[in-house]
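# Secondary and tertiary structure notes
Okay, here's what each chain looks like letter by letter:
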Amino acid sequence: MRNLINILDLSVEEIDELINVADDILDNPEKYYDVCKHKILATLFYEPSTRTRLSFESAMLSLGGQVLGFSEASSSSASKGESVADTIAIVSGYADIIAMRHPKEGAPLVAARHARVPIINAGDGGHYHPTQTLADLMTIRHEMGRFENLTVGLCGDLKFGRTVHSLIEAMSRYEGVKFVLISPEELKLPSFVKNDYIKEKKIPYVQSTSLDEVIGDLDILYMTRVQRERFFNEEDYLRLKDSYILTTEKMKLARYNMIVMHPLPRVNEISTAVDDDPRACYFRQTYYGKLMRMALIMKLLDLKVGKD
Amino acid sequence: MKIDAIKNGIVIDHIAAGCGMQLYHMLGLDKLDCSVAIIKNAPSLKMGKKDIIKIDSNIDVNLDIVSFISPEATVNIIKDEVCVEKRKTELPQRLVNIIKCKNPRCITTIEQEITQEFVLTDRKKREYRCMYCDTKASI
């Protein structure tokens, strides 16, 4: 039985396979209407995350399956002090597959050890969020047509942004990738991520505090939110916040075929005027996320089109 | 300084200087009834200074703990005042219920009866990481 706890649980070949299935779902959704008939997905969300939960539920419903679950810990038995291990042992009898979000890091691994059905990590604290990375990877392959030989700019909060860390882990497995790390000093990429996935693999990278200076070099711009609470003082925040806001002016400095991605939700780091730019693909990214979750559910349940 | 030889028991030798006390506590030697001697900063040709622990009883010593605290340490089994066995320790691949994860966001801080597990991620740097949250081990 397979689980998805970390994006590295999937080989590059398996990710390619998932994207191929997701592409086929995009082109022929009707072929997949009944693939998960009589199957149940449990969405156990110990902390609220409307978009991720809805994406999972929409994915399962589009495959003809059904969903049950809870959307916050207070509406579950966790509020009575039940352990993750016990909850999972019980839900394993009610569902065929479980997508779980938990504020504590490593909770999905505990779940996987006690489950009798596949577990999908739908985010564990600041740790992993592999299905977001699957959405990111499909976006890259679909929009750019390849993973190799791309210059990937990551902008904003590179210190706490788990989606950034996972994307670096995943992209570091492809040939010819370069990273451009754009952040204020306070929010630079942690050294363990830089050492393990960039320096260790001798991947070229550039660090910059200015988006304007490097935006013209990028094939992909992955934006993240710079949060006020991450700064030690208000003055620094006010000084830096505008330099990481993507505007139509900044987009003029970018290549004609650069794509802009964002794990969403955004607050103000991408001006809404950029939404109309065809290079802005963050809303398409959420749709790709649903398709990848469909492909993933099928893979973990070992279901294929036309297979009984 | 002279400490009597033990008749039957265990000598943990070549402990990195300064680690003896920590090892004493982590091995639970404070809970023993028999005599236990900790020698700190003993002169050593190989190490300059070392710590030694002598235990006047043949207890089971958790070699994983010894190795984690001081990988150079040796565990000598003494019978009738003669060393009958020298156990060399080596860094274990996993540490189970030896140290606790200090990351307040780790699931191990709230989940009941969960094992504390750390995995060796860098042998050269003697680096272990929590199996659940990947936080680096610290004592």
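Residues numbered from 1 in each chain as written. Chains lettered and ligands numbered in written order. Predicted model: local features only at pLDDT ≥ 70, side-chain atom pairs only at ≥ 80, totals over all residues. Heavy atoms only, no water.

## Quick notes on the domain arrangement of chain B
Residues and elements named next belong to chain B. By domain assignment, chain B separates into domain 1 (9-88) and domain 2 (94-130). A C-alpha centroid distance of 24 Å is found between domain 1 and domain 2. Opposite the eight residues of domain 1 that make contact, domain 2 presents six residues. When domain 1 packs against domain 2, close to 530 Å² is buried across both sides, 73% of that on carbon and sulfur atoms. Where domain 1 touches domain 2, the interface holds zero salt bridges. The biggest single contributor to the side of domain 1 that touches domain 2 is helix H2 (residues 63-69), with four residues. (Domains from an automatic or database assignment. Contact = heavy atoms within 4.5 Å. Buried area = accessible area lost by both parts, 1.4 Å probe. Salt bridge = Lys/Arg side-chain N within 4 Å of Asp/Glu carboxyl O. Helix = DSSP H or I, 4+ residues; strand = E, 2+ residues; numbered from the N terminus.)

## Considering helix H2 (residues 50-62) of chain A
Residue pairs spaced three or four apart in an α-helix point in one direction, given the helix's 3.6 residues per turn. All names here are of chain A. An ideal rise of 1.5 Å per residue puts 18 Å on 13 residues; H2 measures up with 18 Å between its terminal C-alpha atoms. Looking at H2, one finds that the buried residues are Thr52, Arg53, Ser55, Phe56, Glu57, Ala59 and Met60. Where H2 is buried, its residues meet strand S1 (40-45), strand S2 (66-70), strand S3 (97-102), strand S4 (119-124), helix H5 (130-144) and helix H11 (282-300). Looking one or two residues beyond H2, the residue adopting positive phi is glycine 64, at roughly 85°. (Expected span 1.5 Å × (residues − 1). Buried < 20%, exposed > 50% of the residue type's maximum accessible area, 1.4 Å probe, protein only.)

## Here's the deal with the packing of aromatic side chains
All names here are of chain A. In this structure the tally under the stated criterion is four aromatic pairs over all chains. Ring centres 5.2 Å apart and planes at 90° place the aromatic pair tyrosine 46 and phenylalanine 70 in the edge-to-face group. One end of the pair, tyrosine 46, is in the loop between S1 and H2; the other, phenylalanine 70, is in strand S2, and 24 residues separate them in sequence. Accessibility assignment for this pair places tyrosine 46 and phenylalanine 70 in one class, buried. Ring geometry for tyrosine 282 and phenylalanine 283: centres 5.2 Å apart, planes at 65°, overall edge-to-face. The exposure class of tyrosine 282 is buried, given its relative accessible area of 1%. (Phe/Tyr/Trp six-rings, centres within 6.5 Å; stacked < 30°, edge-to-face > 60°.)

## A word on the sheet that holds strand S6 (residues 178-182) of chain A
Residues and elements named next belong to chain A. The sheet built from five strands is open, its strands ordered S7-S6-S5-S8-S9 with parallel pairing. Edge positions in the open sheet fall to strand S7 (205-208) and strand S9 (259-261), since each of these has one partner strand only. Averaged over all pairs of adjacent strands, the angle between strand axes in this sheet comes to 15°, irrespective of strand direction. Sitting on the sheet, helix H7 (residues 191-199) touches S6 and S7, and the angle it makes with S7 is about 150°. (Pairing = 2+ DSSP bridges. Axes fitted to C-alpha atoms, helices over the stretch in contact; angles between N-to-C directions.)

## Here's the deal with the domain arrangement of chain A
Note: interface size is frequently given as the accessible area lost on complex formation between the parts. Residue and element names in this part refer to chain A. Domain assignment breaks chain A into domain 1 (7-128 + 286-300) and domain 2 (131-277). For domain 1 versus domain 2, the distance between C-alpha centres works out to 26 Å. With 31 residues of domain 1 at the interface, the matching set in domain 2 holds 22 residues. Carbon and sulfur atoms make up 61% of the area that domain 1 and domain 2 hide from each other, which totals about 2200 Å². It is Ile7, Leu8 and Tyr288 that lose the most area in domain 1 upon contact with domain 2, and together they represent 28% of the buried surface on that side. For the pair domain 1 and domain 2, the interface holds two salt bridges. For arginine 141, the salt bridge goes to aspartate 23, with nearest N and O atoms at 3.3 Å. Across the side of domain 1 that touches domain 2, the residue classes tally to 16 nonpolar, nine polar and six charged. (Nonpolar A, V, L, I, M, F, W, Y, C, P; charged D, E, K, R; others polar.)

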